Amino acid sequence: MGNSLKAVVAFVPSKGCQKYLLEDLEEMPVDKVVDLSGRQLRRLPLHICSFRELVKLYLSDNNLSYLPAELEQLQNLQLLALDFNHFKALPPAVCALRQLGVLYLGNNRLCSLPAELRLLRNLRALWLEGNRLPRLPAVVCELRLLRTLHAGCNALRGLPAALRGLRELRTLWLSGNLLCEFPPVLLHMPWLEVIDVDRNGIRCFPSLAHLPGLKLVIYDHNPCRNAPKVARGVRRVGRWAEESPEPRKRSGALVDVAPEGLLPLPPAGDKDERE
């Protein structure tokens, strides 16, 4: 009954209905976190924008397609979750939130990102998976403090050479795109720790043994003819991953190194893990 009532209320976004869905949230919580995920909201209640000290705002899994300009008032916001909504363009007010460190934009309808995104100079994690990006927006390469980039399940066919300017980048998730070759720019990013190119169209992998920071490479579900060569200790997920990158030679015979355990896959993206 409760779920049915919420579904009906979603189609009548009156002030009274919004109050019901927000469970009388009239004051900023003590922990400075507001979670309105999964409320079937079509608009952000304006009074939320008056919570000037708000640090985290979760708006995931709603029916939002725009955000009010008043959002800019949340200048202390460090995390904003807008994934699983209906955004076709990034709301301009988001780019004015200068303290943002984590931004979730996955599973929307984005085909591009505005140049103003470069103003988010403190951004450390950006989630773009499940959108309609034909290429990685050039402005992403200007986010100098970015450490984690999720760009899986788009329509990427390559990566810009400027990506190598992101010297703080450590994890890069590119699964479910249209890559036909391993992006050459990644061969010049020795600081990368995790590379995920699962479910692409890569037929041949270059050696990754020269990347000293690499800890994990996921390359499963590619029509590849070889496994990427990696340095000893680097974990691989994919065909032939159980084989040793560099078999040891002992008494004239090749001895395979025992395979390591299965590796963790990309985070599922639930709220607890995001924090």
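Quick caveat: nothing in here was measured; it's all calculated off a predicted structure.

One open sheet holds the ten strands; their spatial order is E1-E2-E3-E4-E5-E6-E7-E8-E9-E10, and the pairing between them is parallel. Whereas interior strands pair on both sides, the edge strands pair on one side only; in this sheet they are strand E1 (33–35) and strand E10 (235–237). Sheet twist, expressed as the average angle between the axes of neighbouring strands with direction ignored, equals 5°. In this sheet, strand E5 (residues 125–127) lies alongside strand E4 (residues 102–104) in parallel orientation, the contact comprising three bridges. Paired with Tyr104 across the strands is Trp127, a residue of E5.

Take the packing of aromatic side chains next. Applying the stated criterion across every chain, the model contains three aromatic pairs. Seen from their ring centres, Phe205 and Tyr219 are 5.5 Å apart, and the 70° between their planes marks the pair as edge-to-face. Here Phe205, found in the loop between strand E8 (194–196) and strand E9 (216–218), pairs with Tyr219, found in the loop between E9 and E10; they are 14 residues apart in sequence, far enough to count as distant. Accessibility expressed as a relative area gives 5% for Phe205, which makes it buried.

So, on to the pattern of salt bridges. Evaluation of the coordinates by the stated rule reveals five salt bridges. Linking Glu142 and Arg118 is a salt bridge whose minimum nitrogen-to-oxygen distance equals 2.7 Å. Separated by 24 residues along the polypeptide, Glu142 in the loop between E5 and strand E6 (148–150) and Arg118 in the loop between E4 and E5 bring together distant segments of the chain. Residue Arg118 is classed as partly exposed on the basis of its relative accessible area, which comes to 36%. Across the salt bridge formed by Glu193 and Lys215, the nearest N and O atoms sit 3.9 Å from each other.

Attention shifts here to the nonpolar core. Counting 70 residues, the largest nonpolar core has Leu71, Leu80, Leu126 and Leu186 as the members making the most contacts within it. For this core, the two domains that each supply at least three residues are domain 1 (28–118) and domain 2 (123–243). Leaving out residues up to four positions away in the same chain, Leu186 has contacts with Leu159, Leu163, Leu172, Leu174, Leu192, Ile195 and Leu211. Residues Tyr58, Ala81, Tyr104 and Ala125 belong to the second largest nonpolar core, which totals seven residues.

What follows covers the side chain of Ser175. The topology assignment puts Ser175 in the loop between strand E7 (171–173) and E8. For Ser175, a relative accessible area of 11% puts it in the buried group.

All right, on to the confidence of the model for the protein chain then. Low-pLDDT stretches of the model should not have their predicted coordinates read in fine detail. Confidence along the protein chain averages 86 in pLDDT terms, with 80% of residues attaining 70 or more. Counting contacts from residues 1–20, a segment whose pLDDT is below 50, to residues more than four positions away or on other chains yields 20 contacts. Segment residues 247–265 is flagged for pLDDT under 50; beyond a separation of four residues in sequence, or across chains, it makes 21 contacts in the model.

Quick notes on the rules
- Residues numbered from 1 in each chain as written.
- Predicted model: local features only at pLDDT ≥ 70, side-chain atom pairs only at ≥ 80, totals over all residues.
- Heavy atoms only, no water.
- Pairing = 2+ DSSP bridges.
- Helix = DSSP H or I, 4+ residues; strand = E, 2+ residues; numbered from the N terminus.
- Axes fitted to C-alpha atoms, helices over the stretch in contact; angles between N-to-C directions.
- Phe/Tyr/Trp six-rings, centres within 6.5 Å; stacked < 30°, edge-to-face > 60°.
- Buried < 20%, exposed > 50% of the residue type's maximum accessible area, 1.4 Å probe, protein only.
- Salt bridge = Lys/Arg side-chain N within 4 Å of Asp/Glu carboxyl O.
- Core = buried A, V, L, I, M, F, W, Y, C linked by side-chain atoms within 4.5 Å.
- Domains from an automatic or database assignment.
- Contact = heavy atoms within 4.5 Å.
- pLDDT = per-residue confidence, 0-100.

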